[in-house]
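Coordinate inspection notes
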Amino acid sequence: MLQGGQTIAASLIEHGLLPSALYRPNIAFAIHVIELFHMIHLRCPRLAIQPFVKGLCDLHGVPFKPYLSKQFSIAYNVYLSICEETEKHVQAALDRNTPKWRLRNACPACTYKLAGEKSLVFDMLSGELAKYPLAVVNELLNVFGTHIGGGYDIGCKFGTMIANSPLGPCACQLEYKSLVGSFHRHAHNRRCQLSFLTKYVEGLGLEDLEGCERFFSKSNTLALSVQYASIFHRKQSIQEYAKHMDKQETYATLKKQMKDQGVMSFETFTQWLAEEKAYLEGLSWEPLEETLQMEYYQKLVNLEASQKALDDAQAKWLVITPENHNSRDYTRSTETKRHHVLENHKKDLKIVQDLETKLGVTT
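If you're wondering where the values come from, they're calculated on a predicted model, not measured in any experiment. (Residues numbered from 1 in each chain as written. Predicted model: local features only at pLDDT ≥ 70, side-chain atom pairs only at ≥ 80, totals over all residues. Heavy atoms only, no water.)

**Quick look at the overall build of the protein**
A tally of helices and strands in the protein yields 16 helices and five strands. Sorting the 363 residues of the protein into buried and exposed places 29% on the buried side. Counting contacts in the protein only where the partners sit at least 6 residues apart, residues at least 24 apart contribute 62% of the total. As displayed, the protein has an accessible area near 24,700 Å², and 58% of this comes from carbon and sulfur atoms. (Helix = DSSP H or I, 4+ residues; strand = E, 2+ residues; numbered from the N terminus. Buried < 20%, exposed > 50% of the residue type's maximum accessible area, 1.4 Å probe, protein only. Contact = heavy atoms within 4.5 Å. Areas by Shrake-Rupley, 256 points an atom, 1.4 Å probe, with all protein chains shown as cover.)

**A closer look at the confidence of the model for the protein**
Confidence in the prediction of the protein, expressed as mean pLDDT, is 80, and 86% of residues score 70 or more. Of the regions scoring below 50 in pLDDT, residues 255–261 engages in three contacts with residues more than four places distant in sequence or in other chains. (pLDDT = per-residue confidence, 0-100.)

**As for the environment of Asp311**
Following the sequence through the fold, Asp311 ends up in helix H15 (residues 288–318). When the C-alpha atoms of Asp311 and Val341 are compared, they prove to be 9.3 Å apart, with 30 residues separating the residues in sequence.

**Considerations on the pairing of strand S4 (residues 148–152)**
Among the five residues that make up S4, five are buried, leaving the element largely enclosed by the rest of the structure. Across the two faces of S4 the burial is the same, with Ile148, Gly150 and Tyr152 and Gly149 and Gly151 all buried. Where S4 lies against strand S5 (residues 177–180), four bridges are found, and the strand directions are parallel. Residue pairing across strands places Gly150 opposite Ser178, the latter belonging to S5. (Pairing = 2+ DSSP bridges.)

**What about the nonpolar core?**
The tendency in soluble globular proteins is for nonpolar side chains to be buried side by side. Ile34, Phe37, Phe52, Phe72 and Tyr76 are the most contacted members of the largest nonpolar core, which totals 18 residues. With six residues, helix H4 (residues 66–93) is the single largest residue contributor to this core. Sequence-distant contacts of Phe52, defined by excluding residues within four places in its chain, comprise Val33, Phe37, Leu47 and Phe72. (Core = buried A, V, L, I, M, F, W, Y, C linked by side-chain atoms within 4.5 Å.)

**Focus on the pattern of salt bridges**
Overall, the coordinates contain six salt bridges when judged by the stated rule. We note a salt bridge from Asp312 to Lys308, for which the minimum N-O separation is 3.5 Å. Of the two residues, Asp312 and Lys308 both sit in helix H15, four residues apart, roughly one turn of that helix. The class of Asp312 is partly exposed, set by a relative accessible area of 39%. (Salt bridge = Lys/Arg side-chain N within 4 Å of Asp/Glu carboxyl O.)

**Notes on helix H8 (residues 155–163)**
Every buried residue of H8 is listed here: Gly155, Cys156, Phe158 and Ile162. In an axial view of H8, the angular spread of the buried residues amounts to 165°, which keeps them on one side of the axis. Exposed residues pointing more than 90 degrees away from the buried face of H8 are listed as Lys157 and Ala163. Among the structural elements, helix H7 (133–144), S4, helix H9 (168–173), S5 and helix H10 (190–196) are those in contact with the buried residues of H8. (Arc of directions from axis to C-beta.)

And the structure:
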């Protein structure tokens with residue numbers, strides 16, 4: 001099987017097998033089996049090496065031994081190393097190994113410009129600006145230049161932070177826009193949403209700037225298979241999963257089209273937003289009717305609670321007899337509590353009746 005100076009490992013690879021040792025391997029695994037584990041693990045990250053190897057043992061009718069998982073792990077590392085080196089040579093041949101090439105070409109829909117293509121409001125959108133937002137914005141401006149929109153949990157305040165930082169003049173000149181991702185919209189008041197929320201910013205389309213949230217959610221399943229792994233294998237799994245998401249998920253969904261929302265023209269939607277914004281900005285306080293409605297709801301809740309307390313107090317009072325409670329102190333205490341609860345119920349009922357009169361509630 002060996003030819004010339006060819007090693008045992010090289011000969012095994014030539015025949016579709018990956019050894020678990022370089023010079024004197026005792027066990028080798030079929031490359032297509034390792035490829036199968038690789039793809040299944042990427043689709044179902046909770047699947048670790050040990051249960052997969054146990055499944056192989058069951059398939060072949062042999063008892064599982066812990067060392068088999070270790071040897072499979074070694075062969076799997078070799079497989080990933082070969083794939084990585086091959087990818088490096090391919091990228092070098094295509095001249096895609098220059099600094100910042102990956103960042104500059106992360107989104108083909110954003111970075112590839114066609115002849116005669118109309119200008120967009122935002123040339124690049126980035127969601128969830130990581131742990132150090134100012135450093136990230138600085139890098140994005142240096143690489144992509146003008147018309148960048150960045151989503152952040154506190155994008156409304158972050159815009160002011162950028163303006164007051166040394167990055168402010170550059171961000172202003174390159175027309176950087178700070179936005180709020182849709183996931184965090186409930187933490188911002190309505191006026192803030194109309195100015196910064198992705199749903200209401202012209203030019204964003206269906207983008208919600210929450211790609212990182214979805215990635216974090218999906219990648220949580222990795223925890224089950226890497227929580228006891230070494231640092232090397234933990235980073236390896238995360239890197240492979242991220243590369244798989246790029247190829248099979250991210251780029252595959254770039255062609256999603258906007259659905260018809262039943263609005264006759266875009267100008268109608270713009271007019272609605274302008275009217276709502278003007279209405280909210282003109283409010284110095286809540287409308288009286290809305291305030292009364294909210295107060296009415298709260299008083300109904302209070303009345304229901306006091307009614308329940310009154311029913312409980314009445315039930316305790318009715319069961320008191322000389323046979324089961326012959327203490328005057330207990331009887332007096334129970335009567336006092338019932339009297340107080342009754343007074344509270346009457347007060348809550350009177351408040352509800354007054355509010356119903358003001359609101360015109362007749363039923």
